[in-house]
Amino acid sequence: MEQKTLTLNMGPQHPATHGVLRVILEVDGEKIVKATPVVGYLHTGIEKTMESKLYYKAIPCTDRMDYLAPMSNNLGYCLAVEKLMDIEVPEKVKWARVCLAELSRIKSHLVWLGTHAMDLGAVSMSLYAFREREMIVDIYEACGGQRMMTTYIRIGGLAYDLPPDFEKLVRKFLKEMPARLDDYETLLTNNQIFIRRTKDVAVISAEDAINWSLSGPMLRGSGVKQDLRKDNPYSGYENFDFDIALGETGDAYDRYKLRLEEMRQSLRIIQQAIDGMPSGPYRAHVPGVVLPPKEDILHKMESLIFHFKLITDGFKSPKGAVYQGIEAPKGELGFYISSDGTNRPNRVRVRPPSFVNLACLPVLCEGSLISDAVCAIGTIDIVLGEVDR
Amino acid sequence: MLEIIIIGTLKVIAVVVVVLTCCAYSTLLERKVLAYMQHRLGPIYAGPWGLMQPIADGIKLMFKEDIVPDRSERLMFMLAPIVSFIPALLVFAVVPFSSDFSMFGYEIKGVLSDLNIGVLYIFAITSLSVYGLVLAGWSSGSKYSLLGGIRSSAQMISYELSYGLSIVGVILFANTLSMTEIVNQQASFWDMFIFRQPLAFLLFLTCGIAETNRLPFDLPECESELAAGYHTEYSSMRFATFFVAEYGYMLAVSSVATTLFLGGWQGPFLPPVIWFLIKVFGFMFFYIWLRATFPRFRYDQLMAFGWKVLFPLALANTMGTALWVLLTDSVN
């Protein structure tokens, strides 16, 4: 008898694909023979848009890629432009950026935890995770006025000074969060059903992980010690004391524990950042490139001219190309900017962690069951805005 | 003669109305309890505490367009929700909800029909429900629904065995298949069969969850993989019928569990009907609690759990109970 497989079209409208990912599954009964991810349903041409904008006007585009961790994206782009323009930012800015980027890591991981658990059937988890995310979003709102699309980190500094109640809000978060993380653990870590659903599911070996050029928790989950915050520190990460969480077997359960540990480490970093936050200006003093402080615009002629020139015409960049990678929550987020000497970037290329990590989906779920495909998509932690850009 | 017919008809109507109302308000109960467990408020806008929400939902669904997909088997597609709904109602024909009482000078029995093979009847009827799901899954003409239908049939058939075996222990003790008689035997607190058959009770509870397709055994309709499974293609009142049927089964399983293990309507102080409802909704609360807490099993793990864990346990329990009854009988 001839054996036939069934082609199951999962997505782009499907509750478990986290947006508009489409996966074409060839299934034999419930077993997956072949999985083909199809991307592009959310393509918005962000890279091209950035090329047509002045350097600093491109920052809002970065928010809309990984919209779950906007601060990290802002940071990556701004660091790249600062590298191109050779700007040194004040100490306070570095510390504040680290603090905000780590908050965005926790924020992103919380959404991952909630949706991943919900895919596996634990619906309550998502609501608990979103409850804690709310605290971080409130901090963002206090900083830049926006909750999701922050655009708070700017070239050469921050959009505004840190708000007066910033420290209070962050300390409150730091106080409450560890207990909440323990709560999640009691719900999931030793839950037999959860362990059965994630242990030895979506496994990727260290060798494969490197060959697929995975990064972030996907790579560290397989036991490869690679973290840009340690390997190639940026924005003053070398001043902070934290550990890199590592997995062993590279299955979904390892990555779950790893991400929880990363959240704890992030809390450690935030604690250090808030304790040792230096005082000083919130923007570098680079006339003609970085906006002057508001008070100066009102009182100094030169500042007003610079302000006007910057807003209307931007700044000219030296010819050349830079690449700046940062450790975003989902992996290595890189910005490659090549400049032809005008006030707009010639080419902006983003190395998106979600897109690269997603490529290994067939490795993760071929040979397993349909339910495991859901687990595999969840464990990669993709954001379609970033995959398609 | 006429009297009997009128009283019987009225009783049937009353029970059907009560059961359907309970089904409707179970949805509200579920949404409310789940909401409070998840730090939400649940429905609050329709009436005080959202009390009118089930009615609002019903009206909304009634006015929705009834879509029958082109590629579906039309007749089967339309029949399936009814096939799955009817058995849930039929179960209540033999469930004793109260002691005998008198009203307007008539002696009224606290059960619609005191069938002497009541337990057998229930299991015969509930087994039929799987056809509704299979037909729905198959006739929808959608792959997701088909997978859902296949899953549900496999799941229900494998859990049916342990489900049936788990109550054999009770029947061996009670020495009867009549539901009324079983309730009468549990007159005092310590006589409840939950104390004499604790393992059977746990098995019955677990299999009951699987039979009603609730979390953590809700594979046939699991939202995240199969996008609602067998009822993906259903809309309007047909969808509502499936929905009500699911709650009907939950109520049915809860009532049967109450009757067999918790002494049915027996209880001090309060009227028997109230006791019955308290126990049944205790089970409903338990179901909702589970849903708020657990992830769901994977399909193969579910089957393995059914065949490798529950089935041997149920078999062992039956054998043990049979031996016990045999030995005590011969001693007496």
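Just above, that's the structure.
Because the structure is predicted, anything quoted here is derived from the model rather than measured.

What counts, and where the lines are drawn
- Residues numbered from 1 in each chain as written.
- Chains lettered and ligands numbered in written order.
- Predicted model: local features only at pLDDT ≥ 70, side-chain atom pairs only at ≥ 80, totals over all residues.
- Heavy atoms only, no water.
- Pairing = 2+ DSSP bridges.
- Helix = DSSP H or I, 4+ residues; strand = E, 2+ residues; numbered from the N terminus.
- Axes fitted to C-alpha atoms, helices over the stretch in contact; angles between N-to-C directions.
- Contact = heavy atoms within 4.5 Å.
- Buried area = accessible area lost by both parts, 1.4 Å probe.
- Salt bridge = Lys/Arg side-chain N within 4 Å of Asp/Glu carboxyl O.
- Polar contact = N/O pair within 3.5 Å; in protein donor to acceptor, adjacent residues only side chain to side chain.
- Buried < 20%, exposed > 50% of the residue type's maximum accessible area, 1.4 Å probe, protein only.
- Parallel < 35°, antiparallel > 145°, perpendicular 65-115°, else oblique.
- Left-handed = near helix turned anticlockwise from the far one by under 90°.
- Nonpolar A, V, L, I, M, F, W, Y, C, P; charged D, E, K, R; others polar.

Undergrad: Account for the sheet that holds strand 8 (residues 347-351) of chain A, naming residues and giving values.
TA: All names here are of chain A. Spatial strand order, 6-7-8: three strands in an open sheet with antiparallel pairing. Only two strands of the sheet have a single partner each, and these edge strands are strand 6 (320-328) and strand 8. In this sheet, neighbouring strand axes are inclined to one another by 15° on average, regardless of whether the strands run parallel or antiparallel. Across five bridges, strand 7 (residues 331-339) lies against strand 8 in antiparallel orientation.

Undergrad: Describe the interface of chain A and chain B, with residues and values.
TA: Interface extent is often summarised as the accessible area lost during association of the parts. Taken together, the contacts link 34 residues of chain A with 24 residues of chain B. In this assembly, chain A packs against chain B so that about 2600 Å² is buried in total across both faces, 59% of it on carbon and sulfur atoms. For the chain A face of the interface with chain B, the top three residues by lost area are Glu30(A), Ile193(A) and Arg196(A), together amounting to 20%. For the interface between chain A and chain B, the tally reads one salt bridge. The closest approach of N and O atoms between Asp372(A) and Arg298(B), which form a salt bridge, is 3.1 Å. Along the contact surface separating chain A from chain B lie 11 residue pairs in polar contact (both at pLDDT 80 or more).

Undergrad: Describe the environment of Thr293(B), listing the residues and the values that go with them.
TA: Inspection of the secondary structure assignment puts Thr293(B) in helix 11 (residues 272-293). The class of Thr293(B) is partly exposed, set by a relative accessible area of 25%. Counting along the chain gives 255 residues from Thr293(B) to Gln38(B), while the straight-line C-alpha distance between them is 9.9 Å. If we skip the residues at most four places from it in the chain, Thr293(B) touches Leu187(A) and Asn191(A). A polar side-chain atom of Thr293(B) sits 2.8 Å from the main-chain carbonyl oxygen of Trp289(B).

Undergrad: Go over the packing of helix 4 (residues 91-119) of chain A against helix 11 (residues 252-275) of chain A, please, and point to the residues and values.
TA: All names here are of chain A. Look at helix 4 against helix 11: their axes get within 9 Å of each other, and the N-to-C directions meet at 155°. Of the possible angle classes, the one that applies to helix 4 and helix 11 is roughly antiparallel. As helix 4 runs across helix 11, the sense of the crossing is left-handed. Facing helix 4, whose interface residues are Trp95, Val98, Cys99, Glu102, Leu103, Arg105, Ile106, His109, Leu110, Trp112 and Leu113, helix 11 presents Arg255, Tyr256, Arg259, Leu260, Glu262, Met263, Ser266, Leu267, Ile269, Ile270, Gln272 and Ala273. Considered class by class, the residues forming the contact of helix 4 with helix 11 number 15 nonpolar, three polar and five charged.

Undergrad: Can you break down unusual backbone geometry residue by residue, with the values?
TA: Unlike most non-glycine residues, Thr151(A) shows phi in positive territory, near 50°. Mapped onto the elements of the fold, Thr151(A) is located in the loop between helix 5 (123-144) and strand 4 (153-154). When its relative accessible area of 11% is taken as the criterion, Thr151(A) is described as buried. Its identity is not glycine, yet Trp49(B) carries a phi of approximately 55°, on the positive side. By secondary structure assignment, the location of Trp49(B) is in the loop between helix 1 (2-37) and helix 2 (53-62). Overall, Trp49(B) belongs to the exposed group, its relative accessible area being 65%.

In short, shape yes, function no, at least from these values alone.
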